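# Residue-level structure breakdown
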Amino acid sequence: MGITRTDWSKRYTEGRGFRRLGDDEKGLIVEHAPAPEGGRALDVGCGTGEMSVYLASLGYTVDGADFAEGALEQARTEYPDAEVRWLCLDVERDDPAPLGNDLYDLVVFRLSVAFLHDRTRVLHALGRRLREGGTMLVITPLAAHTPAEKRHIALDDDEITALTCGWTSVQRLAVGDLAALVLRGPCADTVAMERSVPATGYAVAGALAVVTDEHGRVLLGWSKRGMWEAPGGKIDGAEPLDGAGVRELAEETGLHATGASVVSILTDAAQGVPRVTAVIRITGFTGTLTTAEPHKFTRWEWHDPHGLGCLGPVFTPAANALDAVWPGVIPGLPTVNAYPTAAEHPPVPGEPAEAVRLRHRMAEAVIAGDWAPSAVVQEALRTVPRHRFAPETDLKTVYDEDLAVVTRRDEHGRATSSVSAPWLQADMAEQLQLTPGAAVLEVGSGGYNAELLAHVVGPAVRVVTVDVDPYVVHRTQRLGAEAGSGRVTAVLGDGGLGAPGHVPAQGFDGVVITHNAADVAPAWREQLREGARLVVPLEMGGYTRSLTLVRRGDVLHCEHWTYCGFVRDRGAAARTAPVVPLAEGEVTVRWEDGEPGDTAGLEQALRGPRRELATGLVVRGTFNFETLQIYAATTLPGFCRLTAQEGSTLVAQQDAAAMLSDGSLAYLTYRKVKDAPDPADRLTEFFIHAYGPAADEVAERFAECVRVWDREVRESGYPPMTVHPAATPDDQLPPGDVLDKHSARLVFQWPGRTPAGTLSLSAAGGTACLTPTS
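Bear in mind the structure is a predicted one, so any value in this text is a computation, not a measurement.

### Digging into the overall build of the chain
Check the secondary structure of the chain and you find 18 helices and 38 strands. For the chain, the spread of C-alpha atoms along the three principal axes comes to 95 × 65 × 50 Å. A total of 774 residues make up the chain; the buried ones form 56% of that total. Contacts in the chain between residues at least 24 apart in sequence constitute 63% of all its contacts with a sequence separation of at least 6. Only carbon and sulfur atoms are counted for the fraction: they give 52% of the accessible area of the chain, which is about 32,000 Å². Here the chain contributes 71 positive and 102 negative side-chain charges, whose respective centroids are spaced 2 Å apart.

### Examining the pairing of strand S24 (residues 528-540)
Extensive coverage of S24 is indicated by the burial of ten of its 13 residues. Direction of pairing for S24 relative to strand S25 (residues 543-552): antiparallel, over a ladder of eight bridges. Each bridged residue has a counterpart across the sheet, and for Leu538 the counterpart in S25 is Arg545. Hairpin geometry of S24 and S25 is characterised by an intervening segment of two residues between the two adjacent antiparallel strands and by a positive phi of about 65° at Gly541.

### Notes on the packing of aromatic side chains
Taken as a whole and assessed by the stated rule, the structure comprises twelve aromatic pairs. The rings of Trp561, Tyr631, Tyr718, Phe748 and Trp750 are connected pair by pair, giving a single aromatic cluster. Lying across the ring of Tyr543, Arg641 places its NZ or CZ 4.0 Å from the centre. Sitting above the plane of the Phe687 ring, Arg671 keeps its charged end 4.0 Å from the centroid.

### Brief notes about helix H9 (residues 353-368)
Its 16 residues give H9 an end-to-end C-alpha distance of 23 Å, which sits within 8% of 22 Å, the value for a rise of 1.5 Å per residue. Listed as buried for H9 are Ala355, Leu358, Arg359, Met362, Ala363, Val366 and Ile367. Where H9 is buried, its residues touch helix H10 (375-383), helix H11 (395-398), helix H12 (422-432) and helix H13 (448-457).

### Remarks on the state of the cysteines
Disulfide: a covalent bond connecting the sulfur atoms of a pair of cysteines. A complete count under the given rule lists one disulfide for this structure. Here Cys187 engages in a disulfide with Cys310; their sulfurs sit 1.8 Å apart. Taking the sign of the S-S torsion, -50° for the link of Cys187 and Cys310, the bridge is left-handed. In this pair, Cys187 sits in the loop between strand S7 (178-184) and strand S8 (188-193) while Cys310 sits in the loop between strand S15 (297-303) and strand S16 (311-315), placing the two residues 123 residues apart along the sequence. We classify Cys187 as partly exposed; its relative accessible area is 42%. For Cys310, a relative accessible area of 8% translates into the label buried.

### With respect to the confidence of the model for the chain
In this model, the chain carries a mean pLDDT of 92, and residues with pLDDT of at least 70 account for 95%. Confidence drops under pLDDT 50 across residues 762-774; counting only partners more than four residues distant or on other chains, this segment forms 34 contacts.

### Observations regarding the side chain of Thr588
Structurally, the position occupied by Thr588 is in strand S28 (residues 587-590). With relative accessibility at 18%, the residue Thr588 sits in the buried group. Among the polar contacts made by the side chain of Thr588, one reaches the side chain of Thr643 at a distance of 2.3 Å. Excluding residues that lie within four positions of it along the chain, Thr588 makes contacts with Val579, Val580, Pro581, Arg641, Leu642 and Thr643.

### Comments concerning the pattern of salt bridges
In this structure the tally under the stated criterion is 57 salt bridges. In this structure, Glu248 engages Arg247 in a salt bridge whose closest nitrogen and oxygen atoms are separated by 3.2 Å. Put simply, Glu251 and Arg247 hold a salt bridge, and the shortest N to O gap is 3.3 Å. Here the residue Glu251 and the residue Arg247 both occupy positions in helix H7 (residues 241-253), the gap between them amounting to four residues, near one helical turn. Residue Glu251 is classed as partly exposed on the basis of its relative accessible area of 36%. Note on Arg247: relative accessible area 22%, which makes it partly exposed.

### Structural notes on the packing of H12 against H13
Here H12 crosses H13 at 40°, and the two axes come no closer than 11 Å. One element, H12, and the other, H13, form an angle in the oblique class. You can see that H12 and H13 cross each other, and the crossing is right-handed. Of H13, the residues touching H12 (which contributes Gln425, Ala429 and Leu432) are Tyr448, Asn449, Leu452 and Leu453. Broken down by class, the residue content of the contact of H12 with H13 amounts to five nonpolar, two polar and no charged.

Quick notes on the rules
Residues numbered from 1 in each chain as written. Predicted model: local features only at pLDDT ≥ 70, side-chain atom pairs only at ≥ 80, totals over all residues. Heavy atoms only, no water. Helix = DSSP H or I, 4+ residues; strand = E, 2+ residues; numbered from the N terminus. Buried < 20%, exposed > 50% of the residue type's maximum accessible area, 1.4 Å probe, protein only. Contact = heavy atoms within 4.5 Å. Areas by Shrake-Rupley, 256 points an atom, 1.4 Å probe, with all protein chains shown as cover. Lys, Arg positive; Asp, Glu negative; His and termini not counted. Charge placed at Lys NZ, Arg CZ, Asp CG, Glu CD. Pairing = 2+ DSSP bridges. Phe/Tyr/Trp six-rings, centres within 6.5 Å; stacked < 30°, edge-to-face > 60°. Lys NZ or Arg CZ within 6 Å of the ring centre and 35° of its normal. Expected span 1.5 Å × (residues − 1). Disulfide = S-S within 2.5 Å. pLDDT = per-residue confidence, 0-100. Polar contact = N/O pair within 3.5 Å; in protein donor to acceptor, adjacent residues only side chain to side chain. Salt bridge = Lys/Arg side-chain N within 4 Å of Asp/Glu carboxyl O. Axes fitted to C-alpha atoms, helices over the stretch in contact; angles between N-to-C directions. Parallel < 35°, antiparallel > 145°, perpendicular 65-115°, else oblique. Left-handed = near helix turned anticlockwise from the far one by under 90°. Nonpolar A, V, L, I, M, F, W, Y, C, P; charged D, E, K, R; others polar.

Listed below in structure tokens is the structure:
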């Protein structure tokens, strides 16, 4: 072992032969992995290319990858006409960028997998590049048929079990004296397992080491008990907890820790016996990784944190120890009592080259979209390791500039916490207009966004982040300890109250809300410095826009709007929209602002005749009507939202802006009036559908709303808007349309609306009234 890329290249250029591809192997591929139309294959460790060329002959588009340039030179020489893309790539150590983003139907390891140290990680990583139903094919010599001096080229049964662990479908076939493993479904759930040998004594106390390498990968061993385990064991006498973890690491792996700290104490029971486990975080080590106790472990491997949920069986305390370091990295673990310690350790470095590349690509995409014009936000995007605040998520997903990453769900599967899309986080950071040394409050924790803000404001001041969920706060604290700057303070509390006890003397220099807010909490304004900015994703009629509000006394003035969406508030101010089901639940009407209107008679009306009224608004191609949603929600008396089940025959829209008035219901829909091959040439007209005795009148009112918007608002965009305390009298409000919340009064100055009075849409009753203003 220990042969370098140069050594391998030399062996190939010297013409040293290797086992030729046999007919039985060819038949195996034809039977178990025939090329689909347009199929793509990856031949890993392709050597001089015989397998790659054969796959191409079957109809695959083939990438042949090997880390020895000498092998690829020989392949090009021997097969000059082969339609194979030859790639010089070490799949275990190199950034996989040369593979591109297209998925494969087949990945083959022929006589090469035994040379990988982190076999499980590599196979799972490449497995995630398979199309659904794709095949991973491993062909390997067996230790039982291999001379002792060549043991390093073969696998024994324990190694094969470890290699196939975590795949949903495993088929083992004999190919002469070789073994073929046909693997599909690269992500079987991790399952917490106990050892079969009963625990002894009245209680068991042990220590487990969570060790990461320079790439941020964690060390686990495949044990003779048939599960993955962390280095560790029982505490010896009165030795310190961290000393036990350091000792066990050295005894089992040959690695010597250079830094260790206790991050948590776990208590549970093993077969009725109480068990106490200390989680020891190892932040550095020396030595060479070896299987120092082969009677206990088959091998040790380094694993990506985002792959820990797909490993198959893991020793229960080890799984819980991993979760103590990276909360949520393994879902569905059994209950354990965890007691995080107060001891702090410095941030632990380490990330793969792929993460660096993807982070820079993400940053450039966000910058190109003009979401991050300032140098300081650009640098934060390029620097802060986003993937380490979502350790359960693969790198490609976490660094997609358009995707939010859900990190917590409730018992119904609804998202309750997430890491928002990078473009939106950059936009909100820019809107705060922070300067070095600024004090910032974030309401709604997660870790990454707060760390991004900490990078923007620099080392002088801490960022305070508050969340109502103890788990989210703990996760933020733990992940921040692993990868953060140490300048983020995570606080448990109702974010609607701000951060009492953490407010600077002059107030925060910026407040950002990272959940959908149904209202503007008074504390957010009160804890904000005069002239500073509050950025809040506010729901108006059920439509969310991120608003940049500048404090001027007791009034917040809106300077910017961004179309967006977040998870909903779960604090005391959270609001559940009243919903009225109709037609046995096929259609529902809801009031995001206000109480339910009178739906008497609508059940029958929905099954009766429908009034269809053209608005006259015809649009071409892809059309942005986001301001129409807010315009209708804040100017139409009786505004509500209508939803319908998929395939409903009663209404034409699954989610539509609607209004309820005079016992009748109307909603906004559209109809294609001209089709064309080019979407830019297609024409669509907005229509109103209405039901009930006043259908004609209600439809006309809604249609006129659309026409006024088209004539007066469409080109001007969002209106000037101010947010006032709830107790502000009508005569102290500026002219405009008022949307009343529980804690605030929002005044919209839409163009084309009367300046002589204020139209109030009350959140208490949903009715409209015109009130005079001075």
